[in-house]
Amino acid sequence: MKKVIVIMVIAVLALGMFGCGGGGGGTTPPPPGEQPSVVKIGISLPTQREERWVLDKESFESTAESMGIEVNIQIADNDAGRQQTQCENLITQGVTALIVAPHDGEAAKNIVEIAHEAGVPVISYDRLIMDADVDLYVTFDQYKIGYLMGEYIANNVESGNIVILKGDPLDNTTIPLREGAVAAIQSKLDSGAFKIVAEQDCIDWQPSAALRHMEQALTANNNDIQGVIAQNDGTAGGAIQALAAVGLDGKVPVTGQDCESDAIKRIREGTQGMTVFFDVRDMSAAAFQAAVKMSKGEDPGSDSTENNGKIDVKVLGFPATSITKDNWDLPIKAGYMDAADVE
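All of these numbers come straight from a predicted model, not from anything done at the bench.

(A) Structural detail: the overall build of the protein. Counting its regular elements, the protein contains 11 helices and 12 strands. When each of the 343 residues of the protein is scored for burial, the buried share is 50%. The long-range share in the protein, meaning contacts at least 24 apart out of those at least 6 apart in sequence, stands at 73%.

Structure (structure tokens):
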């Protein structure tokens, strides 16, 4: 009898060690519908230097509070190494799902591998993590956003020299943004009506980089520039500063995206032609809710896929809207910002 009891105790202990990942294989996600003892979401954002990322952080915090879910948000400050270290710390702290908006879409594949070794699912947020088994991509349609920018230039510039100011080269969203913009102006490029005379990356999406590139483009072309496709509002602001220095602000259409309050002010003043509005409150809330579902082993759902160089990643997508002088108050009506913010 004692021998039987001893065998049973050993068996139970062995099972317990296996279930705790004692063999180094990581944890196993709970079966569908089963609530883990604690749901804890880890979030890694690239920066707080831009208004839209501040709004993302606030929205994540608000959603977590409304759902009663613990959240830990880390800011990488545009440093891929720091982002990986922060994510490793979040995993060590026992997060049940990880939301990552990568500073470097290629380098962040290491984060996915480390997370999966620990049994933690990863949601790629806004920017796609490349060459990795990402569990879900929550984003706005980057190609469509780029197309809206190019479409504005095509509709508001008859002919002339065009400058393209891209974002950070480590941010893979710059690729579909450019592809969409060029697709919208392709017919004018083919006819010779448009000519791209300068195309530059803006490291870390810095307005100062856009200012410098725009100054150089103006000098190289004797101020003969008719349109600027800037990939976000920060770089648009830098380009407009350069244009203002030679008296061309308000005369050369400039695009942007992110719907920052300063961009709306410039649109009202006439120095920026358009921006693109996407409600980060909706996207961040959906990403957080998806992370909670995945923590429980549930399917978060998706509406399409996008290839990241390794797999077709499931995508949960959200719409975007062009904002011009004709509908500049749409974000206010949507409760996205206050009227006082753009006065």
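(B) Representation of the pattern of salt bridges. Scanning the model with the defined rule gives 15 salt bridges in all. One salt bridge in this structure joins Arg82 and Asp77, with 3.7 Å as the shortest N-O distance. Assessed through its relative accessible area of 40%, Arg82 is described here as partly exposed. The residue Lys265 makes a salt bridge to Asp262 at a minimum N-O spacing of 3.9 Å.

(C) Inspection of the sheet that holds strand E3 (residues 97-100) at higher detail. The strand order E2-E1-E3-E4-E5-E11-E10 describes an open sheet built from 7 strands, whose pairing is mixed. Looking at the sheet topology across the chains shown, the edges are occupied by strand E2 (70-75) and strand E10 (304-307). Across this sheet, the average inter-strand angle for adjacent strands is 25°, counted without regard to direction. Sheet topology note: the E10/strand E11 (residues 312-318) ladder contains 4 bridges and is antiparallel. Pairing of Thr305 across the sheet is with Lys314, part of E11. Where helix H2 (residues 51-67) meets the sheet, it contacts strand E1 (40-45), E2, E3 and strand E4 (122-125), and its direction lies at approximately 165° from that of E2.

(D) Main features of empty space enclosed by the protein. Inspection of the entire model under this criterion finds 1 cavity of 30 Å³ or more. In this structure, the largest cavity occupies an estimated 130 Å³ of space. Surrounding the largest cavity, 16 residues form its lining, Arg52, Asp126, Trp205, Gln257 and Asp258 being those nearest its centre. The set of elements that each furnish at least two residues to the lining of the largest cavity consists of H2 and helix H5 (142-156).

(E) Spotlight on the sheet that holds strand E8 (residues 227-230). One open sheet holds the 3 strands; their spatial order is E7-E6-E8, and the pairing between them is parallel. Here the strands that pair on one side only, and so sit at the sheet edges, are strand E7 (194-201) and E8. Ignoring strand direction, the axes of neighbouring strands in this sheet form an average angle of 20°. Sheet topology places strand E6 (residues 160-166) next to E8; 4 bridges connect them, and they run parallel.

(F) Molecular detail of the packing of aromatic side chains. Tallied over the entire structure, the rule returns 5 aromatic pairs. Measuring from centroid to centroid gives 6.4 Å for Trp53 and Tyr125, while their planes differ by 65°, and the two rings are edge-to-face. One end of the pair, Trp53, is in helix H2; the other, Tyr125, is in strand E4, and 72 residues separate them in sequence. Like Trp53, the residue Tyr125 is buried in the burial classification. The interplanar angle of 70° and the centroid separation of 4.9 Å between the aromatic rings of Phe277 and Tyr336 together place this pair among those described as edge-to-face. Of this pair, Phe277 sits in strand E9 (residues 275-277) while Tyr336 sits in the segment after helix H11 (330-333), and the two are 59 residues apart along the sequence. Accessibility assignment for this pair places Phe277 and Tyr336 in one class, buried.

(G) Structural context of the confidence of the model for the protein. Mean pLDDT for the protein: 90, with 89% of residues reaching 70 or above. This stretch, residues 1-30, has a pLDDT under 50; its non-local contacts, to residues over four places away or in other chains, come to 13 contacts.

(H) Summary view of the environment of Gly160. Along the polypeptide, Gly160 turns up in strand E6. By relative accessible area, which is 17% here, Gly160 ends up buried. Residues Gly160 and Ile196 lie 36 residues apart in sequence; the distance between their C-alpha atoms is 8.8 Å.

(I) The environment of Asp233, seen in detail. Positionally, Asp233 belongs in helix H8 (residues 233-245). Sequence separation of Asp233 and Glu51 is 182 residues, and the distance between their C-alpha atoms is 9.7 Å. When near neighbours in sequence (up to four residues on either side) are disregarded, Asp233 contacts Gly256, Gln257, Asp258, Cys259, Glu260, Ala263, Arg266, Gln272 and Thr275. At a separation of 2.9 Å, a polar atom in the side chain of Asp233 contacts the main-chain amide nitrogen of Cys259. One polar contact links the side chain of Asp233 to the main-chain amide nitrogen of Glu260, over a distance of 2.9 Å.

(J) How the structure looks around the pairing of E7. Bridge analysis of E6 against E7 gives 7 bridges, and the strand direction is parallel. Its bridge partner being in E7, Asn161 is matched across the sheet by Lys195. In this fold, the crossover linking E6 to E7 by way of helix H6 (residues 174-191) has right-handed handedness.

Conventions and cut-offs
Residues numbered from 1 in each chain as written. Predicted model: local features only at pLDDT ≥ 70, side-chain atom pairs only at ≥ 80, totals over all residues. Heavy atoms only, no water. Helix = DSSP H or I, 4+ residues; strand = E, 2+ residues; numbered from the N terminus. Buried < 20%, exposed > 50% of the residue type's maximum accessible area, 1.4 Å probe, protein only. Contact = heavy atoms within 4.5 Å. Salt bridge = Lys/Arg side-chain N within 4 Å of Asp/Glu carboxyl O. Pairing = 2+ DSSP bridges. Axes fitted to C-alpha atoms, helices over the stretch in contact; angles between N-to-C directions. 1 Å grid on protein atoms, 1.4 Å probe; cavity = no way out; pocket = protein on both sides within 12 Å on 5 of 7 lines; lining within 4 Å. Points joined across faces, edges and corners; volume = space filled by probe spheres on them. Phe/Tyr/Trp six-rings, centres within 6.5 Å; stacked < 30°, edge-to-face > 60°. pLDDT = per-residue confidence, 0-100. Polar contact = N/O pair within 3.5 Å; in protein donor to acceptor, adjacent residues only side chain to side chain. Right-handed = clockwise from strand over helix to strand, strands pointing away.

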